[in-house]
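Notes for the structure review
What follows is each chain in one-letter form.
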Amino acid sequence: MPDFEGLSRRGFLAGMAGVAGVALAAGASSSAQAAEDKDGDKVTPEQSLKWLMQGNRRWVKHDIKRVDHTPPYRDITKGQWPIASILSCADSRVNPENIFDVAQGNLFNVRNAGNVGGAISIGSIEYSIGVLRAPLLVVLGHTSCGAVQAAQRALRTGEMPGGDIDAVVDAILPAIEKLPADQTLDEGIWANAGYSARQLRRRSEIIATRIRSGKLRIVVGVYDIKSRKVTFAE
Ligand SMILES: [Zn+2]
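Report on the accompanying structure. Since the model is a prediction, treat every value here as computed from it, not as a measurement.

Of the protein atoms, only Cys89 (SG), His142 (NE2) and Cys145 (SG) coordinate the zinc ion, at distances of 2.0 to 2.3 Å. Look at where the donors of the zinc ion fall in the sequence and you get C-x52-H-x2-C. Taken together, the residues Cys89 in strand E1 (residues 84-89) and Cys145 in the loop between strand E3 (136-142) and helix H8 (146-157) connect sequence positions 56 residues apart. Across the pair, exposure class does not vary: Cys89 and Cys145 are buried alike.

Attention now goes to the pattern of salt bridges. Going through the model one piece at a time under the given rule, you end up with 6 salt bridges. In this structure, Arg217 and Glu46 form a salt bridge, with 4.0 Å as the shortest nitrogen-oxygen distance. Here Arg217 is found in strand E4 (residues 217-223), whereas its partner Glu46 is found in helix H5 (residues 45-60), with 171 residues between them in sequence. A relative accessible area of 48% means that Glu46 is categorised as partly exposed. When the shortest N-O distance is used, the salt bridge between Arg212 and Glu205 registers 2.9 Å.

Right, let's get into helix H11 (residues 205-212). Taken residue by residue, H11 has Ile206, Ile207, Ala208, Arg210 and Ile211 as its buried positions. A side-chain oxygen of the first residue of H11 lies 3.4 Å from the backbone nitrogen of Ile206; this N-cap is Ser204. Directly after H11, the chain includes Gly214, whose backbone phi takes a positive value near 80 degrees.

Here we come to the packing of aromatic side chains. Across all of its chains, the model carries 1 aromatic pair by this definition. Judged by centre distance (6.1 Å) and plane angle (45 degrees), the ring pair of Phe108 and Tyr127 falls under tilted. Pair noted here: Phe108 is in strand E2 (residues 107-112) and Tyr127 is in helix H7 (residues 119-131), with a separation of 19 residues, a long-range link. Accessibility expressed as a relative area gives 9% for Phe108, which makes it buried. Across from the ring centre of Trp59, 3.7 Å away, lies the NZ or CZ of Arg228, which sits over that ring.

Next up on the list: the side chain of Asn56. Structurally, Asn56 can be placed in helix H5. For Asn56, a relative accessible area of 5% puts it in the buried group. Within the local environment of Asn56, its side chain forms a polar contact with the backbone oxygen of Arg228, the two atoms lying 3.0 Å apart. When sequence neighbours within four positions are dropped, the list of residues in contact with Asn56 reads Ile99, Phe100, Arg228, Lys229 and Val230.

Definitions and cut-offs
Within any chain, residue numbers begin from 1 and follow the written order of that chain's sequence. Residues qualify for local features only when their pLDDT is at least 70, as the model is predicted, and side-chain atom pairs are given and counted only at 80 or more; totals for whole chains, interfaces and linings, by contrast, use all residues. To obtain the side-chain values, all non-hydrogen atoms of the structure were used and water was disregarded. For Na, K and Ca the donor cutoff is 3.2 Å, while for all other metals N, O and S atoms must lie within 2.8 Å; water is not among the atoms, so some sites may look incomplete. By definition, any uninterrupted DSSP run of H or I lasting at least four residues is a helix, any uninterrupted run of E lasting at least two residues is a strand, and each is numbered from the N terminus. Burial status follows relative accessibility: with a 1.4 Å probe on protein chains alone, a residue under 20% of its type maximum counts as buried, one over 50% as exposed, and anything between as partly exposed. Think of a salt bridge as a Lys or Arg side-chain nitrogen and an Asp or Glu carboxyl oxygen that are within 4 Å of each other. The definition of a polar contact used here is a pair of N or O atoms within 3.5 Å, where within protein one atom must be able to donate a hydrogen and the other to accept one, and adjacent residues in sequence count solely through side-chain atom pairs. Pairs were defined over the aromatic rings of Phe, Tyr and Trp, the Trp ring being its six-membered one, requiring ring centres within 6.5 Å. Orientation was assigned from the angle between planes: stacked under 30 degrees, edge-to-face over 60, tilted for the rest. In this analysis the charged atom, NZ for Lys or CZ for Arg, is taken to sit over a ring once it is within 6 Å of the ring centre and within 35 degrees of the ring normal. Contacts are residue-level and defined by heavy atoms, with any inter-residue pair within 4.5 Å sufficient.

Following this line, the structure appears as structure tokens:
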């Protein structure tokens, strides 16, 4: 991502007024990317979501095709045209390219334990949304999430796991503390994914602006490790 280094936050925000501005903020080397950005806008949020759902159905059936949604006239050694930005858990069983059966270059992945929306996650997502023009943002929780489980345990017992795992638990606690005391793990997982999505909208003007303009949709889903199916919230 050569453009990332030259991208100052001030320039980035100023550039959000238009694609040309973003290109300027991203540096001279990005003029080619700026031209692609217009094409990036041609993939609608609905089209992107449809591709992901189709891919997940193939993954469920073990009918893996690794479908490549990069425009055929584009070369991923020269740029990237992700169809979606995905905030998912670092869990080793949650690999978005597999789960959505798509090729390298199709998904901009941001992963951390518990799919939480801290500053580094938001900044990474802003790049994918503001510069790369990804039309869809998926917050993807998953069944058997150890991070949510740890937060529920901390809520129940008052004991923190220790080390910097505490930072993960602290980020999840606000998402689950209003749930009933006898909350299930699945309830915690859905609440946490929904909370992360709200945080992204609330804390990022870039994300909120793209949603308001209809160029971006944010969806919440949960991946079931046993059935391999992703269920999206209505
Ligand atoms: Zn997890």
